[in-house]
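Structural description and commentary
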Amino acid sequence: MAVRDCDFGTPASESPNTVTLEIDGFRVTVPEGTSVMRAAASVGIQIPKLCATDSLEPFGSCRLCLVQIEGGRGLPASCTTPVAEGMKVCTQNERLANVRRGVMELYISDHPLDCLTCSANGNCELQDMAGAVGLREVRYGYEGENHLKAEKDTSNPYFQFDPSKCIVCSRCVRACEEVQGTFALTIDGRGFDSKVSPSQNQPFMESECVSCGACVQACPTATLMEKSVIEKGQPEHSIITTCAYCGVGCSFKAEMKGAEVVRMVPNKDGHANHGHSCVKGRFAFGYATHKDRITKPMIRKQITDPWQEVSWEEAIGYAASEFKRIQAKYGRGSVGGLTSSRCTNEEAYLVQKLVRAAFGNNNVDTCARVCHSPTGYGLKQTLGESAGTQTFDSIRKTDVILVIGANPTDGHPVFGSAMKRRIREGARLIVADPRDIDLVRSVHVQADYHLKLRPGTNVALINALGHVVVTEGLANDEFAHARCEPESYDKWRAFVSQEHNSPEVSEAITGVPANLVREAARLYATGGNAAIYYGLGVTEHSQGSTMVIGIANLAMATGNIGREGVGVNPLRGQNNVQGSCDMGSFPHELPGYRHVSDTTTRTLFESVWGVALESEPGLRIPNMFGAALDGSFKGLYCEGEDIAQSDPDTQHVHAALRAMECVVVQDLFLNETAKFAHVFLPGASFLEKSGTFTNAERRISPVRRVMPPLAGYEDWEVTQLLSNALGYPMNYGHASEIMDEIASLVPTFTGVSFAKLDELGSIQWPCNDEAPEGTPTMHVDTFVRGKGRFMLTEYVPTQERTNSRFPLILTTGRILSQYNVGAQTRRTANSMWHAEDRLEIHPHDAEDRGINDGDWVGIKSRSGETVLRATITERVQPGVVYTTFHFPESGANVITTDNSDWATNCPEYKVTAVQVTKVAGPSEWQRQYREFSEEQQGLLDHRLATAE
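Described below are features of the structure shown in this document. What you see is a predicted model, and the numbers here were worked out from it, not measured in a lab. (Residues numbered from 1 in each chain as written. Predicted model: local features only at pLDDT ≥ 70, side-chain atom pairs only at ≥ 80, totals over all residues. Heavy atoms only, no water.)

What follows deals with the overall build of the chain. In terms of helices and strands, the chain carries 30 helices and 36 strands. For 948 residues, the compact-globule formula gives about 30 Å, and the C-alpha radius of gyration of the chain, at 29 Å, lands near that figure. Along the longest, intermediate and shortest principal axes, the C-alpha atoms of the chain span 90 × 75 × 65 Å. Counting all 948 residues of the chain, 63% fall into the buried class. In the chain, of all internal contacts separated by at least 6 residues, the share reaching a separation of at least 24 is 72%. Looking at the chain as shown, the accessible area adds up to about 33,900 Å², and 49% of this sits on carbon and sulfur atoms. Measuring between centres, the 90 positive side-chain charges of the chain sit 1 Å from its 115 negative side-chain charges. (Helix = DSSP H or I, 4+ residues; strand = E, 2+ residues; numbered from the N terminus. Rg over C-alpha atoms; globule rule 2.2 N^0.38 Å. Buried < 20%, exposed > 50% of the residue type's maximum accessible area, 1.4 Å probe, protein only. Contact = heavy atoms within 4.5 Å. Areas by Shrake-Rupley, 256 points an atom, 1.4 Å probe, with all protein chains shown as cover. Lys, Arg positive; Asp, Glu negative; His and termini not counted. Charge placed at Lys NZ, Arg CZ, Asp CG, Glu CD.)

What follows covers the pattern of salt bridges. In this structure the tally under the stated criterion is 43 salt bridges. With its nearest N and O atoms 3.4 Å apart, the salt bridge here joins Lys-291 to Asp-292. The exposed category is assigned to Lys-291, whose relative accessible area is 74%. With a closest N to O distance of 3.3 Å, Arg-862 and Glu-800 form a salt bridge. Here Glu-800 lies in the loop between strand 30 (763–764) and strand 31 (808–812) and Arg-862 lies in the loop between strand 33 (856–861) and strand 34 (865–872), a separation of 62 residues in the sequence. When salt bridges that share partners are traced, they join Glu-226, Glu-255, Arg-263 and Arg-282 into one network. (Salt bridge = Lys/Arg side-chain N within 4 Å of Asp/Glu carboxyl O.)

Our next topic: the sheet that holds strand 10 (residues 251–257). A sheet is described by the order of its strands in space; here three strands give the open sequence 9-10-11, paired in antiparallel fashion. Edge positions in the sheet fall to strand 9 (237–242) and strand 11 (260–266), since each has one partner strand and no second. Ignoring which end each strand starts from, the neighbouring axes of this sheet average 30° apart. Judged from the six bridges that link them, strand 10 and strand 11 form a sheet pairing that is antiparallel. Counted as the bridge partner of Lys-257 is Glu-260 from strand 11. (Pairing = 2+ DSSP bridges. Axes fitted to C-alpha atoms, helices over the stretch in contact; angles between N-to-C directions.)

A few words on the packing of helix 16 (residues 503–510) against helix 17 (residues 514–526). It is at 8 Å that the axes of helix 16 and helix 17 come closest, and there the two elements cross at 115°. Relative to helix 17, helix 16 is oriented so that their crossing is right-handed. Along the contact surface, helix 16 presents Pro-503, Glu-504 and Glu-507, while helix 17 presents Ala-514, Val-517 and Arg-518. (Left-handed = near helix turned anticlockwise from the far one by under 90°.)

Turning our eyes to something else, we now look at the pairing of strand 35 (residues 880–883). Residue alternation in strand 35 divides its side chains into two sets, Val-880 and Tyr-882 and Val-881 and Thr-883, and both sets are buried. Of the strand pairs in this sheet, strand 31 and strand 35 are connected by four bridges, and their pairing is parallel. Pairing of Thr-812 across the sheet is with Thr-883, part of strand 35. Bridge count between strand 32 (residues 838–841) and strand 35: three bridges; the pairing is antiparallel. Looking at the pairing, Leu-839 lines up with Thr-883 of strand 35.

A separate point is the nonpolar core. In terms of nonpolar packing, the biggest core is built from 66 residues, with Leu-224, Ile-401, Met-419, Leu-429 and Leu-439 touching the most fellow members. The greatest single-element share of this core, amounting to four residues, is contributed by helix 12 (residues 413–424). Contact partners of Leu-224, with chain neighbours within four places excluded, come to Phe-159, Gln-160, Phe-161, Cys-172, Phe-204, Cys-215, Val-216 and Cys-219. Counting residues in each nonpolar core, the second largest holds 55 residues, with Val-364, Trp-716, Leu-722 and Trp-765 among its members. (Core = buried A, V, L, I, M, F, W, Y, C linked by side-chain atoms within 4.5 Å.)

Now for a nonpolar patch on the surface. Together, Leu-106, Val-138 and Tyr-140 give the surface a local cluster of nonpolar side chains, amounting to about 260 Å² of exposed area. Within the secondary structure, Leu-106 sits in helix 2 (residues 94–108). The exposure class of Leu-106 is exposed, given its relative accessible area of 52%. (Patch = residues over 30% accessible without salt bridge, like charges linked within 9 Å, V, L, I, M, F, W, Y side chains within 5 Å.)

Another aspect to go through is the packing of aromatic side chains. Enumeration according to the criterion identifies 19 aromatic pairs in this entry. Judged by centre distance (5.0 Å) and plane angle (80°), the ring pair of Tyr-245 and Tyr-819 falls under edge-to-face. With Tyr-245 in the loop between strand 9 and strand 10 and Tyr-819 in the loop between strand 31 and strand 32, the pair connects residues that are 574 residues apart, well separated along the chain. Residue class for Tyr-245 comes out buried when judged on its relative accessible area of 3%. Seen in terms of ring centroids, Tyr-349 and Trp-609 are 6.1 Å apart; in terms of plane orientation they differ by 75°. Their pairing is edge-to-face. On the criterion of sequence distance, the pair formed by Tyr-349 in helix 9 (residues 345–359) and Trp-609 in helix 21 (residues 599–609) is long-range, its members being 260 residues apart. In terms of burial, Tyr-349 and Trp-609 fall into one category: buried. Ring-pair connections join several aromatic residues into one group, and the members of that group are Tyr-158, Phe-159, Phe-161, Phe-204, Phe-283 and Trp-833. Against the face of Phe-932 rests Arg-658, its NZ or CZ located 4.9 Å from the ring centre. Sitting above the plane of the Trp-765 ring, Arg-698 keeps its charged end 6.0 Å from the centroid. (Phe/Tyr/Trp six-rings, centres within 6.5 Å; stacked < 30°, edge-to-face > 60°. Lys NZ or Arg CZ within 6 Å of the ring centre and 35° of its normal.)

Below, the discussion takes up the packing of helix 8 (residues 312–330) against helix 25 (residues 715–726). The contact between helix 8 and helix 25 brings their axes to 9 Å, and the two run at 55°. If you check the angle between helix 8 and helix 25, you find them oblique. Two packed elements cross with a definite hand, and for helix 8 against helix 25 that hand is right-handed. Residue-level contacts link Trp-312, Ile-316, Ala-319, Ala-320, Phe-323 and Lys-324 of helix 8 to Val-718, Leu-721, Leu-722, Ala-725 and Leu-726 of helix 25. (Parallel < 35°, antiparallel > 145°, perpendicular 65-115°, else oblique.)

In this model, Trp-765 is joined to Pro-766 through a cis peptide bond whose omega is 5°. Of note, Pro-766 is situated in the loop between strand 30 and strand 31. The phi dihedral of Ser-199 falls on the positive side, at around 50°, and the residue is not glycine. Take Ser-199: it is sitting in the loop between strand 7 (195–198) and helix 5 (214–218). A positive phi is found at Asn-905, a non-glycine position, where the angle reads about 65°. As for its position among the elements, Asn-905 is in the loop between helix 29 (892–895) and strand 36 (912–918). What makes Asn-905 partly exposed here is its relative accessible area of 22%.

By themselves, these figures tell us nothing about what the structure is for.
Next comes the structure, spelled out in structure tokens:
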């Protein structure tokens, strides 16, 4: 059976002081505040327990862990008893044995004796403890009252709740409170009538439960059990890997039976998640073996032709010949490639290497272009490094949290839980967001200030905050003059002090009352350790880079950088956005953020790669589309990215793809981009490959293959085959060899290797001779660029304006249960929570338009029109509407414009002027989309019929 994690019973004490005591004759020294139970476990003495687990605070309810302490009264619970100097503890004698057996006998008297057929058999703590205390018979029958016929709750698609097996230990309730912070479970009733209740005695699916799995993991019996385990049985081995969803980068144990995944269990030793998870990482892994997976290569001449299933050799040969033909006809720059944040570091590195060395140009880009490219630019300019400054655990020492344009509980839920925990402990919270996200007000969490700004006015707000800090004497001048360029700081001070940056003037722009801005600025500057966390609500604007610079300015001006508890922290949306950027996926940068024009860097890569490299930057994604439409860009190799759904101005993107002569898509499914492809190369899921992901805190984590690739190859192997066919040899035998090459070329990765990752679990870059085990906190004594650089951030209104024709502003975001373009999560039971994208609209705006909740509404912009179902809610402010983008048929990006950030071309997804009206049917685009999709599905089905 699967090996259970070692459980010390209670959390570790962080006290620097130690205490020495004696347990069963053994001398034990542990930190002050440690429980007797944990102290005993530290020397291998396992005291029986049921309600205790080291991921939760001690509770002391099960009465199994009683011990005897010399000179003490009674038999105290070892989980709630702290150690004391000189204490002498006895964990086992006849008296203790009799009491424990009596307690266990009472538990078993109201528990089904179906161990042989129970889904938890072999991995049940109740079963283990019955054996540990020597229980051999139960004197009490089932004639009296019992709970053996309690009805099962199977409403949740991923786990069932069987109250007949519940021992009311409260572990699930405490996990929901302490770990997840949702407070969806409670103990209802008293005494014999007490029971676990989701919300107000509701089924799990109707309750406030977010299906994170913390309760399932905490349960010591089969009361809460994964349906996959019920169906498949207990796993027999496990492999540690890293989640392929959001930028938190949770570590998981893939628990297996042979090559089949039985369940994903969050790794207690995972440095990013510490044994917690969300519904996606914990349960939504079924897409990896979904029937829609395409596992055979396919080719076709035109996108109107049926797909033809071919061998790997033929598919690779055809793709290579087409790229060669196109370059011979249209020039070397007529082809390019896209890396993906869903792929590993090693895969992204190889794709950009193929473009530069085999294609012979710098036409490579990545999906970070459309999400966090302003982060790279803004932080590089001010701090000197294109990444966040902290570890996630840094929040444990934060006193003031400023969340700007991010929704952690939906987009980064495991970190969102850690954030909520810190707020419950007393940290103050400021939220700057046009919408009422959950952090503004939820169970036991409430923001001190909600700066409910108008979309597109971020820079005006950050300047107003800076104005207050400077003009009210709240700036840390000593830090700024010592650590930053004094001249740039003085210029910035003079700039933000100007009257037009004051909260009173900016109120007319942002819509945020001046007094709230002043109070929030004072709290951030004077409330202790202050940390800024931001997301796509900062970067996906025409002034995205400006806003990132403004955030860095504010952190430097207040000295909130360079130590734990503070910093500038971008919350990366996808699992490897940071890594794809690190690996040189931008057209102007080689791996390690070094410009292609730098002769020294280029010479280094040329010596290792054995080929001359272009010194001029290549095409960005928007430039590729433009060049395709003007006839100069004709071939694209797209690995793991779905630009036809994720990029703005969908009709423009589709037209560009139609104009290309060879689109090669490497993916799991026939996604939206693959419908325009001429070659389909089957990809591998994260469960089928080895490599690394780099999360939002710069943490490089191992991705380890747990099952054979369904199509026969890992993704890096496919890229290698294509490169070899193009005439540029690659000869790696394993993904670890690619990382070794990365380490030899990228200074921040010098000390990284698969062996070190297996030893340490994960590493935060920079990892080199100066920091052999990584760097949790950046810019401690000096900034990476030397002196921090302040830059002026003049507010420039977006060109996208509302008017009488388009009076509302549309903004977009994510939801907890779905992920990005939905290709993975839509193929799981997660769609039970969110089966369609909806348009949120304020009651006033809905009433003006005669719209009722659930009505179909048309959303029209300057770019296009689509139709969604309306949800009337006060979460959005009047004049603002909101939707998600997880379903292709929704066409959210049909209406977004081609406006973009001035520095990086990151699209302005967050500000689109629209009109909303009640309608009776789909939009013209949706009708055309449906026809095209049905046609493409038919061409795929024809391939299947032919193959059979």
